[in-house]
Amino acid sequence: MTLTRRAGAALRFAIFGTAFVCAAVLPSPVAAETGAEAWLRYSALSPQAAKTYERLPANTVSLGDSLVLKTAQQELLRGASQMLGRTLRVRTLRVKTSSSPENAIVLGKLIELQALFPDLHPPQVLRADGYWLKSTKSHGSECLVVTASTDRGVLYGVFALLSKIARGESLAAIDITAIDEVQQPYAPIRWVNQWDNLDGRIERGYGGPSIFFADGSVRSDLTRAGQYARLLASIGINGCTINNVNAAPQILEDSFIAQVSRIADVFRPWGVQLSLSVDLSSPKVIGSLDTFDPLDPRVAEWWRKKVDEIYRSIPDFGGFVVKADSEGRLGPSTYGRTPADAANVIARALKPHGGVVFYRAFVYNHHLDWRDLKNDRAKAAYDNFHPLDGAFDDNVIIQIKNGPIDFQVREPASPLFAGLRRTNEAIELQVTQEYTGQQRQLCFLVPMWKEVLDFDMHIEDLHIEDMHNGASPTPVKDLVAGRVFHRPTGGFVGVANVGMDANWLGSPLAMANLYGFGRLSWDPNLTAEKIVGEWTRLTFGSDPLVNQTIAAMQLNSWHLYESYTGPLGAGTLTNILGNHYDPGPESSEENGWGQWHRADHIGIGMDRTMATGTGFISQYPPAVQKQYESLANCPDNLLLFFHHVPYTYVLHSGKTVIQHIYDSHYEGADRASDFIAQWKTLEGHLDEERYRDILTRFEYQAGEAVVWRDAICHWIYGLSGIPDDKGRVGNGSRR
Ligand code: GCV
């Protein structure tokens, strides 16, 4: 195999058949199913299935020696060894005058590869992080090329190849004489946020203590942090913010930055950039300034020096996340400044290094007067950020929660997605199930996220700058929410909150949400069915009964959880002043937090109409306003989010609101108990550890659904005085 190098030097390369074989230390196969391996179990294929891959080349060559490429090759060796029982031979590349053909899996950046295979031209431009899996022949040798424009893209390509093998994709798809697949990420920003505190606790974390911090310092053993980076890389996530958005200013102290750089070191081999949440008052609290006014030149200088110092320790540092003027955190309002003033001063410090600022749109007043029916927390993000559209520097990204309140079990898409046209945006999705069962109950969130990502905002005359090459704006017809970015820098942020628990999130089934977040960030056009199918196969193996049963349970779980915790868009009716988990509908009212459902003796729901309510609906484009403003057009599942109606109001379904609430709670509790029977059909079809663990969870969930059913039905009957038609609730109830 000979070639001419593009650079012009007439060097000739060949793969040496005699080059050394790397004595890679490969981990032993998964022993006990603790869930630690998540979707990267790489369990051994049956001999018959392994045979399907026998034409996979026996050698591997890496064109380059970067850390990430080395990781990619090690991962390939590990996967081939565990799944196929094959030890790939690692070949080195040397300059040679004559060719020595060798079948190989060749890893490397396209620019390097084209020197080796001059005829190799991808069918489309490979954008950053995108990859190309291509079979090719050269001088009689069969090669499978995994290439990309960046080393990180090559790593993603290796993970994709291994995932295909683990999922047993058909021979046609993996036939090295036929494979030709380009995958490109939809957006450049694919990050997770961890809400870890420096003392080791995690805000809204349900999977054990922090993998990064303990007792006010960075952990000495960062093994788990490295393993986490591997999991993230395997689903295309390229950034991780390691500390709580309610940030301790100490994170920016010199001594702490030195500690944090150790975490960056374990992320780096996996192409995961580290970033930090920062407190805007840091220049005053840990600096020696008497102000943190973003327009004060001393404050700008403080940020500049601090950022320079960080990059000296962490050259690939990603940037900052800012939560300000929110839930008691200080912000630019202290000095009468805007979020743009605050974001830009930090962005300008980061700009020379290529860093970005994620400024959260979660800015609201939690001391609203609940007696004023015109007040509405849902309006806050749009009210605060829409007027600033275009005022943010180009390395600022506004991070917007999927809905206008706060990760409730059902919310409409945030109108801010259509309200920022000249500003970078990222959608913030919550993987950790704060309001959706806290990993103790099953709630697969991909179907919920899809509803937002696919929601048509009805903007017809929009021009969007091409995300990836900065080309001139292209017109788009329909704007879906949260995934049509108007500017080149945009994407997805997931609040993950994994912890030290062996299975990361506290429940093996909850990991479908982390997997799903990564897959949607890569390609939001994937269906929930496809994603759950992949995840189940990777996590539980190939038994069709196991796959069908678990996938169906996951796909039904969000609607089920909604049915007994927050029907008709009323919110979760949970204890918002306490654990955000137990039923507590009274806790939403008569306080300033603004998670109101306005239930009284006559009716229930927030009137957010333009005609008589808070006017929130006016923040949407006209066609969406039309959909939500009128009772006739408003979908039942968001009715109480947008309208206050009497309990006797008749839904599109033909039921009254009160009867729907009774029925959905009783049906929900019954269906939760059906989960037990469905799970029991899997006994003997999967490992005992996970079978038992998950069974216990479903038994618990069935009990919790009854607790919710009784609490909400009792509460609403007490308010309305209207008994259940079916005699289950109210005077003379038969149950
Ligand atoms: C990190 C909700 C949560 C808070 C969280 C906040 C946020 O209010 O309950 O724990 O704070 O969202 O997203 O900033």
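Being a predicted model, the structure only gives us computed values, none of them experimental.

Peer 1: Just to check I follow, could you spell out the sheet that holds strand β14 (residues 319-322) for this structure?
Peer 2: Two pairing modes exist for strands in a sheet, parallel and antiparallel, and in both the strands are linked by backbone hydrogen bonds. A barrel is described by the order of its strands in space; here eight strands give the closed sequence β9-β12-β13-β14-β15-β16-β17-β20, paired in parallel fashion. Neighbour to neighbour, the strand axes of the sheet diverge by 25° on average, direction disregarded. Relative to strand β17 (residues 424-430), strand β16 (residues 396-401) runs parallel, the two sharing five bridges. Bridged to Ile397 within β17 is Asn424.

Peer 1: Any chance you could explain the pairing of strand β5 (residues 104-109) here in plain terms?
Peer 2: In summary, the side chains of a regular strand alternate between the two faces of the sheet. With respect to burial, β5 is a largely interior element, five of its six residues being buried. Bridge count between strand β2 (residues 59-63) and β5: five bridges; the pairing is parallel. Counterpart to Leu63 in the pairing with β5 is Gly108. Of the strand pairs in this sheet, β5 and strand β7 (residues 141-148) are connected by six bridges, and their pairing is parallel. Within β7, the residue paired with Lys109 across the bridge is Ala148.

Peer 1: Looking at this structure, I do not really get the confidence of the model for the protein chain. What am I missing?
Peer 2: Detail in the predicted coordinates should be disregarded across regions flagged by low pLDDT. The pLDDT averaged across the protein chain works out to 91; a share of 90% of its residues lies at or above 70. The low-confidence segment residues 1-30, where pLDDT is below 50, has 85 contacts with residues more than four positions distant or belonging to other chains.

Peer 1: I would appreciate a short explanation of the sheet that holds β2 in the present structure.
Peer 2: Sheet architecture is open: six strands sit in the order β3-β2-β5-β7-β6-β8, paired in mixed fashion. Only two strands of the sheet have a single neighbouring strand rather than two, namely β3 (89-91) and β8 (180-183). With direction set aside, neighbouring strand axes in the sheet form an average angle of 25°. As paired strands, strand β6 (residues 131-138) and β8 are joined by four bridges and run antiparallel to one another. Looking at β8, one finds that Lys134 is bridged to Asp180. In the packing of helix α4 (residues 151-166) onto the sheet, the strands contacted are β5, β6, β7 and β8, and the crossing angle to β7 comes to about 125°.

Peer 1: I would appreciate a short explanation of the packing of aromatic side chains in the present structure.
Peer 2: Think of a pair of aromatic rings as described by two things: how far the centres are apart, and how the planes are tilted against each other in angle. Scanning the model with the defined rule gives 33 aromatic pairs in all. Aromatic side chains Trp39 and Tyr515 sit 5.3 Å apart centroid to centroid with 65° between the ring planes, which places their arrangement in the edge-to-face category. One end of the pair, Trp39, is in the loop between β1 (13-15) and α1 (47-51); the other, Tyr515, is in helix α14 (residues 511-522), with 476 residues separating them in the sequence. By the burial criterion, Trp39 is buried, and Tyr515 matches it. Where Phe212 meets Phe267, the ring centres are 5.9 Å apart and the plane angle is 75°; that geometry is what we call edge-to-face. Taken together, the residues Phe212 in the loop between β9 (189-193) and β10 (213-214) and Phe267 in helix α7 (residues 254-267) connect sequence positions 55 residues apart. Phe267 sits in the buried class, given a relative accessible area of 0%. The ring centre of Tyr364 lies 3.8 Å from the NZ or CZ of Arg377, which sits over that ring.

Peer 1: In this structure, what is going on with the packing of helix α16 (residues 544-565) against helix α19 (residues 657-680)? I would like to understand it.
Peer 2: Axes are the key here: two packed helices are described by the angle between their axes and the distance separating the axes. The N-to-C vectors of α16 and α19 enclose an angle of 155°; their axes lie 9 Å apart at closest approach. Comparing their axes, α19 and α16 come out roughly antiparallel. The crossing of α16 and α19 is left-handed. Residue-level contacts link Thr549, Ile550, Met553, Asn556, Ser557, His559, Leu560, Ser563, Tyr564 and Thr565 of α16 to Ser664, His665, Gly668, Ala669, Arg671, Ala672, Phe675, Gln678 and Trp679 of α19.

Peer 1: Would you explain the pattern of salt bridges in this entry?
Peer 2: Pairs can form between side chains of opposite charge once their charged atoms are near each other. One pass over the structure, following the stated rule, counts 49 salt bridges. In this structure, the salt-bridge partner of Glu75 is Arg230, at a minimum N-O distance of 3.0 Å. Pair noted here: Glu75 is in helix α2 (residues 67-84) and Arg230 is in helix α6 (residues 223-234), with a separation of 155 residues, a long-range link. For Glu75, a relative accessible area of 1% corresponds to the buried category. Between Lys323 and Glu327 there is a salt bridge, and its shortest N-O distance comes to 2.9 Å. By relative accessible area, Lys323 is classed as buried at 4%. A relative accessible area of 28% means that Glu327 is categorised as partly exposed.

Reading the values: rules and limits
Residues numbered from 1 in each chain as written. Predicted model: local features only at pLDDT ≥ 70, side-chain atom pairs only at ≥ 80, totals over all residues. Heavy atoms only, no water. Pairing = 2+ DSSP bridges. Helix = DSSP H or I, 4+ residues; strand = E, 2+ residues; numbered from the N terminus. Axes fitted to C-alpha atoms, helices over the stretch in contact; angles between N-to-C directions. Buried < 20%, exposed > 50% of the residue type's maximum accessible area, 1.4 Å probe, protein only. pLDDT = per-residue confidence, 0-100. Contact = heavy atoms within 4.5 Å. Phe/Tyr/Trp six-rings, centres within 6.5 Å; stacked < 30°, edge-to-face > 60°. Lys NZ or Arg CZ within 6 Å of the ring centre and 35° of its normal. Parallel < 35°, antiparallel > 145°, perpendicular 65-115°, else oblique. Left-handed = near helix turned anticlockwise from the far one by under 90°. Salt bridge = Lys/Arg side-chain N within 4 Å of Asp/Glu carboxyl O.

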